[in-house]
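The chain contents come next:
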Amino acid sequence: MKAFTRLDGRAAPLELANIDTDQIIPKQFLKTVEREGLAKGLFYDFRFDGDGNEIKDFVLNRPEYKNASVLVAGDNFGCGSSREHAPWALMDFGIMCVISTSFADIFNNNCFNNGLLPVVVKPDELAVLMDEAKGGNHMVSVDLEAQTVVSPSGKTFTFEIDPVRKEKMLKGLDAIGETLQHGGDIDVFESKRAISQPWLEA
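Computed from a prediction, not measured in an experiment: that's the story for all the values here.

Cut-offs used in this document
Residues numbered from 1 in each chain as written. Predicted model: local features only at pLDDT ≥ 70, side-chain atom pairs only at ≥ 80, totals over all residues. Heavy atoms only, no water. Salt bridge = Lys/Arg side-chain N within 4 Å of Asp/Glu carboxyl O. Helix = DSSP H or I, 4+ residues; strand = E, 2+ residues; numbered from the N terminus. Core = buried A, V, L, I, M, F, W, Y, C linked by side-chain atoms within 4.5 Å. Buried < 20%, exposed > 50% of the residue type's maximum accessible area, 1.4 Å probe, protein only. Pairing = 2+ DSSP bridges. Right-handed = clockwise from strand over helix to strand, strands pointing away. Axes fitted to C-alpha atoms, helices over the stretch in contact; angles between N-to-C directions. Parallel < 35°, antiparallel > 145°, perpendicular 65-115°, else oblique. Left-handed = near helix turned anticlockwise from the far one by under 90°. Contact = heavy atoms within 4.5 Å. Nonpolar A, V, L, I, M, F, W, Y, C, P; charged D, E, K, R; others polar.

Colleague: Sorry if this is basic, but what is going on with the pattern of salt bridges here?
Modeller: Two side chains with opposite charge may pair up if their charged atoms get near one another. On inspection of all chains with the given rule, the structure shows nine salt bridges. D131 is the salt-bridge partner of K134, the closest N and O atoms lying 3.8 Å from each other. Measuring nitrogen to oxygen at the nearest pair gives 3.1 Å for the salt bridge that ties K155 to E132. In this pair, K155 sits in the loop between β6 (148–150) and β7 (156–158) while E132 sits in helix α5 (residues 123–133), placing the two residues 23 residues apart along the sequence. What you see here is one network of salt bridges that share partners, running through R6, D8 and D143.

Here is the structure:
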């Protein structure tokens with residue numbers, strides 16, 4: 001997992017609440033277990049019409065929000081069924097941070113497990129970030145170490161995060177990476193077991 005320390009990027013405002021995981025990545029794109037190539041399905045029913053033509057006025061299709069790396073979204077983002085493909089699709093598209101007033105628990109966990117940072121701010125702070133993202137300057141800064149979000153106009157907001165999750169994000173540790181930090185102890189255990197229970201090695 002890639003470490004997340006500080007992100008300076010373009011913010012796209014998605015003024016919709018209760019965006020569920022099927023809207024983030026529709027079911028027809030769940031046939032793969034690969035993390036790459038899912039960007040084409042991200043918000044598919046919002047981005048394309050029934051004939052597969054791009055809907056020009058959807059925020060992520062607009063020229064000024066191309067290559068956005070921060071999504072400023074409405075309340076209760078990522079609700080609905082559990083699917084790890086949702087953060088995979090966002091990240092494959094280039095979104096590395098989602099800012100909202102709340103996230104569904106399972107989606108929130110999946111984000112942290114895959115290196116996408118979910119940031120919770122207060123409703124009035126989200127309104128400021130949403131409004132400013134619509135302006136001519138869309139650049140925001142998200143600093144995980146300082147736990148701050150700086151708006152395009154320079155307003156600074158702080159956010160809370162579980163310290164254990166913060167440390168893992170800063171170090172780029174997923175569950176496997178965290179386990180491998182104890183590689184020496186694992187090797188010692190396996191060596192001792194091979195001597196004491198050699199039949200398990202057959």
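Colleague: Any chance you could explain the nonpolar core here in plain terms?
Modeller: Across soluble globular proteins, you tend to see nonpolar side chains buried next to one another. Formed by 29 residues in total, the largest nonpolar core has its most connected members in I24, F43, L71, F77, L90, V98 and F107. Taken together, the elements giving at least two residues each to this core come down to β1 (6–14), β2 (70–73), α3 (85–93) and α4 (105–114). Sorting elements by how many residues they give to this core places α3 first, with four residues.

Colleague: So what exactly am I meant to see when it comes to the pairing of β2 here?
Modeller: Across a regular strand the side chains alternate sides, sitting on one face of the sheet and then on the other. The two faces of β2 match: V70 and V72 on one face and L71 and A73 on the other face are all buried. Pairing between β1 and β2: four bridges, direction parallel. Directly across from P13, in β2, lies its bridge partner V72. Here β2 runs beside strand β3 (residues 97–100); their pairing, made up of three bridges, is parallel. Bridge pairing in β3 links V70 to C97. Following the chain from β2 across α3 to the adjacent parallel β3, one finds a crossover that is right-handed.

Colleague: Mind showing me how you'd approach the pairing of β1 here?
Modeller: Bridge count between β1 and strand β5 (residues 139–143): five bridges; the pairing is antiparallel. Looking at the pairing, G9 lines up with V140 of β5.

Colleague: Could you clarify how one ought to interpret the packing of α3 against α4 in this entry?
Modeller: Working note: a packed helix pair is described by the angle between its axes plus the distance between those axes. Their axes nearest at 8 Å, the elements α3 and α4 cross at an angle of 50°. The orientation of α3 relative to α4 falls into the category oblique. In the packing of α3 onto α4, the handedness of the crossing is right-handed. Of α4, the residues touching α3 (which contributes A86, P87, W88, L90 and M91) are F107, N110, C111 and N114. Partitioning the contact of α3 with α4 into residue classes produces seven nonpolar, two polar and no charged.

Colleague: How do you make sense of the environment of I99 when you look at a structure like this?
Modeller: With respect to the element layout, I99 can be found in strand β3. Since its relative accessible area comes to 1%, I99 is described here as buried. Sequence separation between I99 and G74 is 25 residues; the distance between their C-alpha atoms is 8.5 Å. Those residues in contact with I99, other than ones at most four positions away along the chain, are V70, L71, V72, A73, V119, V121, L126, L129 and V149.

Colleague: For this particular structure, what's the right way to read unusual backbone geometry?
Modeller: Note: most residues except glycine have negative phi, and most peptide bonds are trans. Of note, N67 is a non-glycine position whose phi angle comes to about 65°, a positive value. Within the secondary structure, N67 sits in the loop between α2 (44–47) and β2. Even without a glycine there, the phi angle at N76 is positive, about 60°. As for its position among the elements, N76 is in the loop between β2 and α3.

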